[in-house]
Amino acid sequence: MSSWLDEVRWDAQGLVTAIAQDAHSQRILMVAYMNRESLQLTAQTGIAHYFSRSRQRLWKKGEESGHLQTVSELRLDCDGDVIVMQIVQAGGIACHTGRESCLYRKLVDEQWVVTDAVLKDPGAIYGGHASH
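For clarity, every value in this text was computed on a predicted model and none was experimentally measured. (Residues numbered from 1 in each chain as written. Predicted model: local features only at pLDDT ≥ 70, side-chain atom pairs only at ≥ 80, totals over all residues. Heavy atoms only, no water.)

Engineer: Sorry if this is basic, but what is going on with the environment of Gly46 here?
Structural biologist: Counting through the fold element by element, Gly46 comes out in the loop between helix 1 (36–45) and strand 3 (49–52). Taking C-alpha positions, Gly46 is 26 Å from Ala12, a pair spaced 34 residues apart along the chain. Ignoring any residue separated from it by four or fewer positions in sequence, one finds Gly46 in contact with Leu41, Gln69, Thr70 and Val71. (Helix = DSSP H or I, 4+ residues; strand = E, 2+ residues; numbered from the N terminus. Contact = heavy atoms within 4.5 Å.)

What follows is the structure, encoded as structure tokens:
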């Protein structure tokens, strides 16, 4: 019998793209990556866990900031290579920049324009180092 994890199409690095979507507003809050262990932890605990490519380690969202993501639903796309999570974002801040969403820039007249205000200074969140 194959595991539900075996149905995921992991890339060459053993990762899958993971999208965190606000369960209420449906806004995309962030895009990150998961490995097998982080996806399994997410499913078991109901708290979003990711794999940090820059730090090469597991990462529980909110472990430093307190901005945990409680997962209410996990979905796998038709190709098996994207996970979409319906989440409730603690503190209303998903981005390490102190914004609601990591997708806070919009293309306007061939320039990226910041559309979302900083809700909390990253220095106050992370004690002087803006980590994510």
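There is more to say after this.
Engineer: Please clarify how the environment of Trp112 should be interpreted in this entry.
Structural biologist: Looking at where Trp112 falls in the secondary structure, it is placed in strand 8 (residues 111–114). We classify Trp112 as exposed; its relative accessible area is 62%. Those residues within four positions of Trp112 in sequence are excluded, and the remaining contacts are Arg105, Lys106 and Leu107. (Buried < 20%, exposed > 50% of the residue type's maximum accessible area, 1.4 Å probe, protein only.)

Engineer: I would appreciate a short explanation of the nonpolar core in the present structure.
Structural biologist: Ranked by internal contacts, the top residues of the largest apolar core, which has 18 residues, are Met34, Tyr50 and Met85. Those elements that place two or more of their residues in this core are strand 1 (15–22), strand 2 (28–35) and strand 6 (82–89). By residue number, the principal contributor to this core is strand 2, which donates four residues. Excluding residues within four positions of it along the chain, Met34 makes contact with Trp10, Gly14, Leu15, Val16, Ala18, Leu39, Thr42, His49, Tyr50, Phe51 and Met85. (Core = buried A, V, L, I, M, F, W, Y, C linked by side-chain atoms within 4.5 Å.)

Engineer: Sorry, what's going on with the state of the cysteines here?
Structural biologist: Covalent bonding between the sulfur atoms of two cysteines defines a disulfide. Under the defined criterion, the tally for this structure stands at zero disulfides. The thiol of Cys95 is unpaired, and the distance to the nearest cysteine sulfur, on Cys102, comes to 3.8 Å. (Disulfide = S-S within 2.5 Å.)

Engineer: Please clarify how the pairing of strand 7 (residues 105–108) should be interpreted in this entry.
Structural biologist: Regular strands have side chains that alternate between both faces of the sheet. Two strands pair when backbone bridges link them, and strand 7 and strand 8 are joined in this way by four bridges, in the antiparallel orientation. In the strand pairing of strand 8, Leu107 is matched with Trp112. Between strand 7 and strand 8, which pair antiparallel and follow one another directly, the connecting turn spans two residues, one of which, Asp109, has a positive phi of 50 degrees. (Pairing = 2+ DSSP bridges.)

Engineer: I tried to follow the pattern of salt bridges on my own but got confused; where do I start?
Structural biologist: Note that side chains of opposite charge can pair when their charged atoms are close. Evaluation of the coordinates by the stated rule reveals seven salt bridges. Put simply, Glu100 and Arg27 hold a salt bridge, and the shortest N to O gap is 2.7 Å. Residue Glu100 is found in the loop between strand 6 and strand 7, and its partner Arg27 is found in the loop between strand 1 and strand 2; the two are separated by 73 residues along the sequence. Of the residues examined, Glu100 reaches a relative accessible area of 29% and is grouped as partly exposed. (Salt bridge = Lys/Arg side-chain N within 4 Å of Asp/Glu carboxyl O.)

Engineer: How should I be thinking about unusual backbone geometry in this particular structure?
Structural biologist: Where the residue is not glycine, phi is negative for most of them; where a peptide bond is considered, it is trans in most cases. Phi angles above zero are rare outside glycine, and Gln26 is one such case at about 70 degrees. Of note, Gln26 is situated in the loop between strand 1 and strand 2. In this model, Gln56 sits at a positive phi of 55 degrees, which is unusual for a non-glycine residue. If you trace the backbone, Gln56 turns up in the loop between strand 3 and strand 4 (57–60). Exposure remark for Gln56: the relative accessible area of 54% places this residue in the exposed category.

Engineer: In this structure, what is going on with helix 1? I would like to understand it.
Structural biologist: Every α-helical turn comprises 3.6 residues, leaving residues that sit three or four positions apart pointing alike. Along helix 1, the positions that sit buried rather than exposed are Ser38, Leu39 and Thr42. The buried residues of helix 1 occupy an angular sector of 100 degrees when projected down its axis, which confines them to one face. Against the buried residues of helix 1 lie strand 2, strand 3, strand 4, strand 5 (69–76) and strand 6. At the exit of helix 1 stands Gly46, carrying a positive phi of roughly 80 degrees. (Arc of directions from axis to C-beta.)

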